[in-house]
Amino acid sequence: MRIVLLGPPGAGKGTQAKLLTGRLGVPQVSTGDILRQAVANGTQLGREAKSFMDRGALVPDEVVIGIIEERLRKPDCAQGYILDGFPRTLPQAEALSRVLASLHASVDGVLSVEVPEEDLVERLAGRRVCRGCGNMYHVDTNPPLQAGRCNTCDGALYQRDDDKEETIRHRLRVYRDQTQPLVAYYDKMGLLTRIDGRGTIEEISQRVHRALRQR
Ligand SMILES: [Zn+2]
């Protein structure tokens, strides 16, 4: 099964991808992880990607696509995979279709995890991270026992720059402009299922499985 997971930052897409890989026994292919790995392995595409990342620039589509293609050709992807964070733009989605066609394969289903924007802001802006051990908390839904301190190591909790409201709104805008069009793209191809991303991880996971059973 080749599944694409779409969803804005904070929708819990990565968590669902992880749960799905366990359930289906296929790897989770996440762009961030693959880029980091290609850079660490020093492959030619990895070195190219690094030259952009070192400058703080976005890695261009053709490099990302090349790295994803290398990954999808690995033997552990033969039975399928969960794509998480790729494709992110329409040109990437079109490239994915071409790459898969050359492998005599196609996407089997696309799940769009959807959460109202205000809920996402609340989820992300309330996150706090421990400086000591990296544990994650949330001021409302998962507060520490003692305000500002980690339950496990007593380290100080802080808010990552990525989780500041202004940055969150910017990331959501980027998602809306660049990635949201993929929902219509895959819908037209008859591949899309919308998943209500509100509620607990378990509730969302059940909706995901129901959607896949119906595919
Ligand atoms: Zn800690």
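Structure first, text after, so check above.
First things first, this report covers the structure right here in the doc. Throughout this description, residue numbers start from 1 for each chain and increase along the sequence as written. Totals for whole chains, interfaces and linings use every residue, but because this is a predicted model, local features are given only for residues with pLDDT of at least 70 and side-chain atom pairs only at 80 or more, for both listing and counting. For side-chain calculations, the full set of non-hydrogen atoms in the structure is used, while hydrogens and water are omitted.

**Here we look at the pattern of salt bridges**
Salt bridges are defined by distance alone: a side-chain nitrogen of Lys or Arg within 4 Å of a carboxyl oxygen of Asp or Glu. Applying the stated rule across the entire model yields 15 salt bridges. Among the salt bridges present, the one from Glu-114 reaches Arg-194, with a minimum N-O distance of 3.0 Å. Of this pair, Glu-114 sits in strand S4 (residues 109-114) while Arg-194 sits in strand S8 (residues 192-196), and the two are 80 residues apart along the sequence. Note on Arg-194: relative accessible area 49%, which makes it partly exposed. Of the charged contacts in the structure, one is a salt bridge between Arg-169 and Glu-165, with a shortest N-O distance of 3.0 Å. Residue Arg-169 and its partner Glu-165 are both found in helix H7 (residues 165-179); the two are separated by 4 residues, about one turn of the helix. Take Arg-169: its relative accessible area is 25%, and that puts it in the partly exposed class. Classification of Glu-165 as partly exposed rests on a relative accessible area of 41%. In the salt-bridge network here, residues are joined through shared partners; they are Glu-118, Glu-165 and Arg-169. Helix and strand assignments come from DSSP, with helices taken as H or I runs of at least 4 residues and strands as E runs of at least 2, each series counted from the N terminus. Accessible area is worked out with a 1.4 Å probe on protein chains only. A residue is then buried under 20% of its type maximum, exposed over 50%, and partly exposed in between.

**Some thoughts on the packing of aromatic side chains**
Pairing of aromatic side chains requires ring centres within 6.5 Å, counting the rings of Phe and Tyr and the six-membered ring of Trp. Pairs whose planes differ by under 30 degrees are stacked, by over 60 edge-to-face, and all others tilted. One pass over the structure, following the stated rule, counts 1 aromatic pair. Measuring from ring centre to ring centre gives 5.0 Å for Tyr-185 and Tyr-186, while their planes differ by 75 degrees; the resulting arrangement is edge-to-face. Residue classification places Tyr-186 among the buried positions, given a relative accessible area of 1%. One Lys or Arg, Arg-131, reaches over the ring of Tyr-158 and ends 4.1 Å from the middle of that ring. Think of it as a cone above the ring: NZ of Lys or CZ of Arg counts as a charge over the ring if it is within 6 Å of the ring centre and within 35 degrees of the ring normal.

By themselves, these observations are geometric and do not establish any function.
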